[in-house]
Amino acid sequence: MRVNESENLAKSESIGEIPLACCDEPAAVEFFERQIWQGKPLCPHCQSTNVYKMVDAKTGQRNKRYLWRCHDCKEQFTVRIGTVLEESRIPLRHWAYAFWRAATSKKGVSAMEIKRQTQLSYPSALFLLHRIRFAMTPEPETAPKMTGTVECDETYVGGKPRPGTGVHKRGRGTSKTPVLGIVQRDGNIHRRVVADVSAATLKSAIRECVDNQARIVTDENLAYRGLGKEFAGGHQTVNHSNREYARGDVWTNTAESSFALIKRGLTGIYHAVSKEHLHRYLGEFDFRWNTRRLNDGERTSLAIQGASGKRLIMQP
Ligand SMILES: [Zn+2]
């Protein structure tokens with residue numbers, strides 16, 4: 001999936017349809033079929049579009065399992081095949097609800113909330129949300145490179161409280177997980193878990209995501225030193241240790257405030273997020289940021305389109 005608002009504006013789904021899809025299974029199935037196939041039902045086995053909806057011979061109603069059949073390869077399939085929905089039998093109306101809430105709640109939605117509203121078990125709600133996060137995360141090779149002025153900053157997320165105090169340690173040298181944020185001013189953001197905050201690690205991530213014509217802005221962290229030679233727009237730093245927060249348009253506030261939103265979201269909604277899952281939560285937060293100019297229906301639709309072509313095999 002490519003999250004690029006101008007090129008890939010999701011076909012505007014009327015937001016009014018979504019509540020019906022959240023409580024009525026046939027409506028949910030048709031909603032997902034429209035979103036995932038975009039009007040062109042496709043056989044997942046042979047890619048043929050020569051397919052038809054199966055109907056029950058007695059009632060003339062749609063097949064109870066919502067099956068389709070391919071005229072060419074004769075295989076049967078549903079809209080779930082080849083998507084993040086494939087590995088589950090959870091009704092699609094619950095998927096619709098979870099996609100909608102995850103795409104439209106500013107700080108995300110918790111598995112507890114999904115459990116309460118759908119009556120699913122907590123593990124099932126968690127299962128849904130992990131796959132939705134996966135759907136929201138673009139493939140790294142298709143994400144457009146950032147350009148213009150690009151802010152880079154690192155932060156630490158999570159970690160265990162100091163023994164006995166319940167107080168979270170701050171800053172470097174703790175058990176917290178380092179996260180690098182790269183944000184194009186007025187554009188997209190990408191945040192990722194990094195192994196460490198060495199110059200080599202941070203710079204290689206920046207090279208991967210940022211066009212070499214860009215201008216880089218960071219704080220005075222020495223790890224970023226030398227980026228000016230690699231990027232045509234140069235590298236400017238703001239000196240936080242001297243209490244300097246902005247000099248002209250040299251600031252990293254966009255990246256910093258994006259971290260603040262994540263931290264509030266992770267403590268308020270998700271409580272403890274394990275290190276191994278953190279990248280998925282970052283993908284979810286990035287998705288909402290990068291689609292901030294879309295309306296709620298368009299954003300939900302784009303998230304669902306991202307479910308296509310992805311299957312997530314996860315260990316419990
Ligand atoms: Zn086929």
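It should be noted that the structure appears before, not after, this text.
Heads up: these notes are all about the structure in this document. (Residues numbered from 1 in each chain as written. Predicted model: local features only at pLDDT ≥ 70, side-chain atom pairs only at ≥ 80, totals over all residues. Heavy atoms only, no water.)

**Digging into the layout of surface pockets**
Alright, step 1. Here the second largest pocket is characterised by a volume of approximately 590 Å³.
Alright, step 2. Within the residue set of the lining of the second largest pocket, elements represented by two or more residues are strand E6 (189–193), helix H6 (199–209) and helix H9 (275–290).
Alright, step 3. Class assignment for the residues of the lining of the second largest pocket results in eleven nonpolar, six polar and eight charged. (1 Å grid on protein atoms, 1.4 Å probe; cavity = no way out; pocket = protein on both sides within 12 Å on 5 of 7 lines; lining within 4 Å. Points joined across faces, edges and corners; volume = space filled by probe spheres on them. Helix = DSSP H or I, 4+ residues; strand = E, 2+ residues; numbered from the N terminus. Nonpolar A, V, L, I, M, F, W, Y, C, P; charged D, E, K, R; others polar.)

**Things to note about helix H4 (residues 111–118)**
Alright, step 1. By the burial criterion, the buried members of H4 are Ala-111, Glu-113, Ile-114 and Thr-118. For H4, the buried positions fall inside an angular range of 160° around the axis, keeping them on one side.
Alright, step 2. For H4, the elements touching its buried residues are helix H3 (92–104) and helix H5 (122–136).
Alright, step 3. Looking at the residues trailing H4, positive phi occurs at Gln-119, about 70°. (Buried < 20%, exposed > 50% of the residue type's maximum accessible area, 1.4 Å probe, protein only. Arc of directions from axis to C-beta. Contact = heavy atoms within 4.5 Å.)

**A short note on the sheet that holds strand E7 (residues 215–219)**
Alright, step 1. Taken together, five strands build an open sheet; the order of strands is E6-E5-E4-E7-E8 and the sheet is mixed. The sheet is open, and its two edges are formed by E6 and strand E8 (235–238), each paired on a single side. Each strand of the sheet is rotated relative to its neighbour by a mean of 25°, with strand direction disregarded.
Alright, step 2. In this sheet, strand E5 (residues 177–184) lies alongside strand E4 (residues 149–157) in antiparallel orientation, the contact comprising eight bridges. Counterpart to Tyr-156 in the pairing with E5 is Pro-178.
Alright, step 3. Strands E4, E5 and E6 of the sheet are contacted by helix H8 (residues 253–268), whose axis makes an angle of about 35° with E4. (Pairing = 2+ DSSP bridges. Axes fitted to C-alpha atoms, helices over the stretch in contact; angles between N-to-C directions.)

**Here's the deal with the coordination of the zinc ion**
Alright, step 1. Here the zinc ion is held by Cys-43 (SG), Cys-46 (SG), Cys-70 (SG) and Cys-73 (SG), and the distances to it run 2.3 Å.
Alright, step 2. Along the chain, the residues that donate to the zinc ion are spaced as C-x2-C-x23-C-x2-C. Of the two residues, Cys-46 is situated in the loop between helix H2 (25–37) and strand E1 (51–53) and Cys-73 in the loop between strand E2 (68–70) and strand E3 (76–77); the sequence distance between them amounts to 27 residues.
Alright, step 3. On the basis of relative accessibility, which here comes to 34%, the residue Cys-46 falls in the partly exposed class. (Donors = N, O, S within 2.8 Å, 3.2 Å for Na, K, Ca; no water.)

**Considering the environment of Val-250**
Alright, step 1. Looking at where Val-250 falls in the secondary structure, it is placed in the loop between E8 and H8.
Alright, step 2. Put simply, Val-250 and Asn-239 are eleven residues apart on the chain and 9.9 Å apart in space, counted from C-alpha to C-alpha.
Alright, step 3. In contact with Val-250, not counting residues within four places along its chain, are Arg-185, Arg-215, Val-217, Gln-236, Thr-237, Val-238 and Tyr-245.

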